[in-house]
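The chain contents come next:
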Amino acid sequence: MLGGATVLALLVFALLALVYLRPGVGARVRGRDWVVYGGLVMPVVVLTALVGYALFAGERLLAHPDENVPRVAARGEMWVWRFSYPDHPGAGETDVLHIPAGQAVDVLVTSSDVVHSFWVPRLAGKIDAIPGHENVVRIKADRPGAYNGVCAEFCGMGHTDMRFMVVAHDPADYEAFMAGGAQ
Ligand code: CUA
């Protein structure tokens, strides 16, 4: 998007400079053609390409259920996050989520009581945790490390302290760590 906008801006500035430095340079083109081609045809072509690319790129960020992406579960509860792992039934703890680094992970988010919101600012956007409903957000940590998360929806007196941490492990160590119970 930035690249496309830069090219268009440069084109407009170049035209502006041209008519300023060489008066009459575009006089042979009819005024109506400037409007039709410059104001209608070109924007339609450019915007169609950019919007098409944006839809394609945005679609790849969404969590599609049929893909082979590891899943973890997050349950908001006044005022903690309970994490569990469908692939590792014995594992799970409060306020700490373990994921492998360098690969996408789908987080199944729900709530036991009121509406909370699951948010790890460095890994993905916010997603609501709603009682009786499951939302999915795809997160990805490029490097191993610890990433802070918060509840991003006011949920009562303990809201401010409803924080958690996502620990991204080296993929080579992750399975062994999870097999050990992740405690
Ligand atoms: Cu849970 Cu705010």
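All of the points below concern the structure found in this document. (Residues numbered from 1 in each chain as written. Predicted model: local features only at pLDDT ≥ 70, side-chain atom pairs only at ≥ 80, totals over all residues. Heavy atoms only, no water.)

Section: the overall build of the protein
Each helix and strand counted, the protein has three helices and ten strands in total. The helix and strand sequence of the protein, counted from the amino end, reads α-α-β-β-β-β-β-β-β-β-β-β-α. The globule rule puts the C-alpha radius of gyration for 183 residues at 16 Å, and the 25 Å found for the protein is more than 25% above it. Out of the 183 residues belonging to the protein, those deemed buried represent 28%. (Helix = DSSP H or I, 4+ residues; strand = E, 2+ residues; numbered from the N terminus. Rg over C-alpha atoms; globule rule 2.2 N^0.38 Å. Buried < 20%, exposed > 50% of the residue type's maximum accessible area, 1.4 Å probe, protein only.)

A word on the sheet that holds strand β10 (residues 163-169)
Taken together, five strands build an open sheet; the order of strands is β4-β10-β9-β6-β7 and the sheet is mixed. Taken across any chain shown, the strands that pair with only one partner, and hence form the sheet edges, are β4 (96-100) and β7 (127-129). Here the average twist between neighbouring strands, direction ignored, is 30 degrees. Pairing between strand β6 (residues 116-119) and strand β9 (residues 145-151): two bridges, direction antiparallel. Its bridge partner being in β9, Phe-118 is matched across the sheet by Cys-151. Sitting on the sheet, helix α3 (residues 171-179) is in contact with β4 and β10, with an inclination near 130 degrees to β4. (Pairing = 2+ DSSP bridges. Axes fitted to C-alpha atoms, helices over the stretch in contact; angles between N-to-C directions. Contact = heavy atoms within 4.5 Å.)

Remarks on the pairing of strand β5 (residues 104-111)
Across the eight residues that make up β5, a large majority, seven, are buried. Pairing analysis gives six bridges linking strand β1 (residues 71-77) to β5, with the strands arranged parallel. In the strand pairing of β5, Gly-76 is matched with Ser-111. Direction of pairing for β5 relative to strand β8 (residues 135-140): antiparallel, over a ladder of six bridges. In the strand pairing of β8, Leu-108 is matched with Val-136.

Things to note about the side chain of Thr-110
When you line up the elements, Thr-110 lands in strand β5. In this structure the side chain of Thr-110 is engaged in a polar contact, spanning 3.2 Å, whose partner is the backbone oxygen of Ile-130. Of note is the side chain of Thr-110, whose polar atom sits 2.7 Å from the backbone oxygen of His-133. Once you skip the residues sitting within four places of it in the chain, Thr-110 turns out to touch Ala-74, Arg-75, Gly-76, Ala-129, Ile-130, Gly-132 and His-133. (Polar contact = N/O pair within 3.5 Å; in protein donor to acceptor, adjacent residues only side chain to side chain.)

Focus on the environment of Val-105
Relative to the helices and strands, Val-105 resides in strand β5. Each C-alpha atom of the pair Val-105 and Arg-82 lies 17 Å from the other, and the pair is 23 residues apart in sequence. Discounting residues that sit within four places of it in the chain, Val-105 has contacts with Val-69, Pro-70, Val-72, Ile-99, Pro-100, Val-137, Arg-138 and Ile-139.

Comments concerning the pairing of β6
Sheet analysis places β6 next to β7, joined by three bridges and oriented antiparallel. Looking at β7, one finds that His-116 is bridged to Ala-129.

Don't take any of this as a statement about function, it's just geometry.
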